[in-house]
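Here are the chains, one letter per residue:
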Amino acid sequence: MRGLRMPARLRRWWWLPLLIAAAVFAADRLYPPPLARIDAPGSALVLARDGTPLRAFADSDGIWRYRTRLDQVAPVYVDALLSYEDRWFFRHPGVNPASLLRALLQASLHGEIVSGGSTLTMQVARMLEAIPRTPLGKLKQCWRALQLEWRFSKAEILEMYLNLAPFGGTIEGVQAASYAYLGKSADRLSDAEAALLVVLPQSPSRWRPDRHPDRAQSARDKVIRRLVEQGTWTAARGDDARIEQVAARRLRPPMSAPLLARRLRQSQPEEPIIHSTIDLAIQTRVEARVRSRLRRLPERVSMAVLVVDNGNAETLAYVGSADLLADDRSGHVDMIRAPRSPGSTLKPMLYGMALDQGLIHSMSLLIDAPQSFDGYQPSNFAERFQGPVSASQALRLSLNVPAVDLLDRVGVVRFASTLENAGLRLRMTEGATPNLSLILGGGATTLEELVGNYLALAREGRAASPRLQASDPLQERYLMSPGAAYIVRRMLERDPNDNLGTAQYDTASRVSLAWKTGTSYGYRDSWALAVTPEYTIGVWIGRPDGTPQPGQFGAITALPLLIEVADSLPTRKTRDLGSPPVTVSQREICWPLGTEPDPQRPEFCHRRLDAWVLNNTVPPTFADRQSSHWQGSLLQYWRDPVSRKRLNLSCLKPDSRLITVTRWPALAYPWLSTGLRRRSELPPLAPGCSADEYSTGLRIAGINDGSVLRAPSNRQGPIRTQVQALGTDGEVRWLLNDRYLGKTQGPAMLDLQFDRAGDQYLVAIDPAGRYDGIRVRTILSP
């Protein structure tokens with residue numbers, strides 16, 4: 001059978017298809033479609049842990065567009081889009097002739113454009129390039145659609161539409177529209193929300209739900225009817241979707257945790273969607289309390305608050321400044337990351353290390369009195385000394401001399417290196433090396449690093465870097481033992497009302513709160529940090545430029561905000577610290593020895609206290625570091641059985657009795673009660689005995705003990721006089737009512753001034769612990 005043969009006249013035009021194909025190929029290569037917008041960097045969105053937007057960043061052109069993949073959009077939206085806009089999307093080559101013909105007939109019958117006849121590919125072509133809405137423009141649009149189909153798969157073209165479709169104003173793409181108008185990700189759309197976003201690109205300005213909710217709802221219902229008519233949705237599903245109202249949501253970019261969002265954006269500039277660990281409910285509460293507190297602070301003062309989950313070290317609230325837009329408060333500066341002097345906030349870590357080294361227990365006897373440490377002479381914040389205190393008191397009251405004493409025994413280098421290994425780096429001024437001032441704020445660190453170290457108190461001694469994203473690894477480092485962490489928390493746990501001097505906070509329903517405050521030199525930084533069973537909280541308040549703020553300090557400025565934040569946090573677990581580790585136990589100890597009571601020598605125990613001890617270790621009270629009279633708390637001397645006076649080798653008798661007395665640390669004596677002093681005092685030296693090192697003492701001259709000083713009736717103002725210390729050629733420190741006045745050398749005179757009326761207590765004390773104290777009464781002129 002002869003095969004079919006092309007007619008001769010057609011055979012003459014065999015080259016025409018090839019010519020057309022070549023022309024199309026050449027035109028495609030010479031005039032390719034503009035594809036720059038496809039790969040243009042889009043906007044970025046930082047989300048809370050539940051997917052709620054925290055902050056949005058527009059692209060370089062001010063467009064809000066969050067790049068998204070097809071699988072990141074709810075299937076209900078994709079199905080509704082294809083059914084409503086282009087049912088034959090996966091079958092046509094980019095142009096649907098039937099749709100174009102229908103559109104042309106409708107325009108002829110109605111005298112106006114009823115439908116455009118554009119496929120989704122044609123719409124994408126118009127999104128990529130400005131094409132005029134003319135017959136010639138329509139031809140160009142069809143040509144561009146064909147070019148796109150030759151280059152990309154259907155899924156890629158559909159993804160272009162999802163990212164480039166206009167939704168009103170500067171909003172492009174379904175993801176940006178979903179967050180802007182609905183406050184949620186495009187993968188969580190309901191039927192009604194999907195229908196709304198399907199119709200918006202047709203007339204985004206007229207149907208914007210933030211401006212015209214009624215129009216938007218009417219257009220949405222049109223989509224729902226079409227989907228029901230086509231059988232895409234059932235009638236019942238359509239009815240359910242129509243019940244949902246279009247809310248008149250105010251279109252405003254989200255602005256929660258803005259400095260954290262900026263930080264994450266800078267670290268991941270190519271990521272369109274960035275997930276954080278922020279709990280939006282907690283973040284909102286903390287931000288509200290910061291705004292409320294801000295009204296009570298001076299101008300130019302900023303604040304920072306960090307809340308971290310103890311269980312996984314995830315950051316739940318991040319307030320880097322008081323107000324991002326407040327230029328006068330340097331609101332753009334993230335004070336969570338800014339190095340600042342930590343004041344006394346490092347002391348809990350020091351006490352934890354001292355516990356681990358077996359130097360102290362929770363009630364170890366420490367001395368808060370003027371001391372010199374190789375020339376370094378610390379004083380307290382309130383310039384008042386407390387005398388003998390427990391380790392717990394010293395930590396709670398943030399006393400400086402006991403802390404410097406402990407740091408000197410723990411070792412400065414060891415302390416600093418342990419902190420750095422645990423994630424807290426102390427930044428020294430240029431040329432400086434770590435020294436004893438570290439424990440009083442002599443180095444700089446950040447709120448983030450401080451909170452990371454305080455996490456150790458809730459994580460069995462393991463510090464951790466606060467995590468900003470769930471994908472961040474949990475970086476744990478040893479800081480102290482679990483037992484030391486537990487004891488330090490017990491030492492810090494107390495009612496904040498005691499410190500504030502008021503009952504303004506209800507503690508009946510509060511969980512266990514272990515807290516510490518700090519103030520840097522010159523009132524530049526106010527700190528408050530706390531650990532609860534579930535959270536670790538850090539607060540900083542001050543001026544970002546470092547200007548001093550007299551009268552603003554941790555206990556008064558930062559602590560109230562910390563308490564308000566702590567009280568606002570949800571509680572899910574236990575309300576207390578739970579059972580102590582097996583290495584921790586409670587023991588009864590005695591002062592001044594610091595050890596457990598000796599049943600055989602009850603007279604050695606002047607005061608009994610309950611202490612937390614670590615590893616069954618009950619270390620004794622420190623020996624006096626600057627006294628040559630004795631090395632420990634027990635002193636033996638010979639006593640005359642008849643006169644009951646003290647003897648020494650120059651006058652020893654055969655029947656002399658060896659007596660052991662319990663001595664308090666030398667520097668504690670000015671603060672002891674009369675009864676305690678008598679229990680540990682040595683009797684006077686017997687006549688005929690040569691003077692020894694215990695027979696000399698200081699004596700205040702210039703005012704007699706028990707004197708009444710009265711200002712002349714014709715002169716107002718303070719009472720002025722002079723005093724001196726006799727019995728020494730060395731340095732003498734002076735205290736008036738436990739406040740440090742100054743120092744003199746040998747018998748040099750001290751100018752003394754009494755500014756108030758009433759009872760006064762003047763003490764002179766030397767480095768060896770020798771002292772004299774007198775009490776006087778002053779009466780000022782009215």
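Going along each chain's sequence as written, the residues are numbered from 1 onward. Per-residue local features are limited, in this predicted model, to residues with pLDDT of at least 70; the limit for side-chain atom pairs, both in listing and counting, is 80 or more; totals at the level of whole chains, interfaces and linings are taken over all residues. Note that the side-chain values use all heavy atoms of the structure and ignore hydrogens as well as water.

Trainee: It is not clear to me how the sheet that holds strand β10 (residues 514-519) should be interpreted in this structure. Could you clarify?
Mentor: Either a parallel or an antiparallel arrangement is found when strands of a sheet pair, and the pairing is made through backbone hydrogen bonds. The strand order across the open sheet built from five strands is β5-β4-β12-β11-β10, with neighbouring strands paired in antiparallel fashion. Edge positions in the open sheet fall to β5 (315-319) and β10, since each of these has one partner strand only. For this sheet, the mean angle separating the axes of adjacent strands, direction not counted, is 10°. Pairs of strands are assigned from DSSP output, requiring at least two bridges between the strands. The way it works is that DSSP assigns letters per residue, a run of H or I at least four long becomes a helix, a run of E at least two long becomes a strand, and they are numbered from the N terminus. Here strand β11 (residues 525-531) runs beside strand β12 (residues 535-542); their pairing, made up of seven bridges, is antiparallel. Bridging across to β12, Trp527 finds its partner in Trp540. Fitted lines through C-alpha atoms serve as axes, helices being fitted only where they are in contact, and the angles separating the N-to-C directions of these axes extend from 0 to 180 degrees.

Trainee: Please explain unusual backbone geometry as it appears in this structure.
Mentor: Trans peptide bonds make up most of the peptide bonds, and negative phi angles are found at most residues other than glycine. In the segment running from Trp591 into Pro592, the intervening peptide bond is cis, with an omega of 10°. Structurally, Pro592 is set in the loop between β13 (584-591) and β14 (607-614). Phi is positive for Asp374, which is not a glycine, with a value near 55°. Of note, Asp374 is situated in the loop between β6 (365-368) and β7 (387-390). Relative accessibility decides the category of a residue: with a 1.4 Å probe and only protein chains considered, values under 20% of the type maximum give buried, values over 50% give exposed, and everything between is partly exposed. Taking the relative accessible area as the measure of exposure, Asp374 reaches 84% and is therefore exposed. Located in the positive-phi region is Asn615, a residue other than glycine, with phi close to 55°. Checked against the element boundaries, Asn615 lands in the loop between β14 and β15 (634-639).

Trainee: Teacher, can you tell me more about the packing of helix α6 (residues 120-128) against helix α8 (residues 154-164) here?
Mentor: Between α6 and α8, the shortest axis-to-axis distance is 9 Å and the interhelical angle comes to 50°. As judged from the angle between their axes, α6 and α8 are oblique. α6 and α8 meet at a crossing whose hand is left-handed. Across the interface between the two elements, Leu120, Thr121, Gln123, Val124, Met127 and Leu128 of α6 pack against Ile157, Leu158, Met160, Tyr161 and Leu164 of α8. Note that Gly is not counted as nonpolar here; it falls among the polar residues with everything else outside the nonpolar set of Ala, Val, Leu, Ile, Met, Phe, Trp, Tyr, Cys and Pro and the charged set of Asp, Glu, Lys and Arg. In terms of residue class, the contact of α6 with α8 is made up of nine nonpolar, two polar and no charged. Angles below 35 degrees are treated as roughly parallel, those above 145 as roughly antiparallel, those between 65 and 115 as roughly perpendicular, and all remaining angles as oblique. Crossing handedness: left-handed means the near helix sits turned counterclockwise from the far one by under a right angle, and right-handed means the same turn made clockwise. For this analysis, residues touch if any pair of their heavy atoms sits within 4.5 Å.

Trainee: Explanation requested: a nonpolar patch on the surface in the structure shown.
Mentor: Residues forming no salt bridge and having over 30% relative accessible area are the ones grouped into patches, like charges within 9 Å of each other and nonpolar side chains (Val, Leu, Ile, Met, Phe, Trp, Tyr) within 5 Å. Using the Shrake-Rupley algorithm and a 1.4 Å probe, accessible areas are obtained, with residue cover drawn only from the displayed protein chains. Any Lys or Arg side-chain nitrogen found within 4 Å of a carboxyl oxygen on Asp or Glu counts as a salt bridge. Residues Trp638, Leu649, Leu652 and Leu658 make up a contiguous nonpolar surface patch of roughly 410 Å² in combined accessible area. As for its position among the elements, Leu652 is in the loop between β16 (646-647) and β17 (657-662).

Trainee: Help me out: how do you make sense of the sheet that holds strand β21 (residues 731-736) in this one?
Mentor: Reading across the sheet, the five strands line up as β19-β25-β24-β21-β22 and stay open at both edges, with mixed pairing between neighbours. Of all the strands in the sheet, the pair left with one neighbour each is β19 (708-710) and β22 (739-745). For this sheet the average axis-to-axis angle between neighbouring strands, irrespective of direction, equals 25°. Bridge count between β21 and strand β24 (residues 758-765): four bridges; the pairing is antiparallel. Across the sheet, the residue bridging to Leu736 is Leu762, located in β24.

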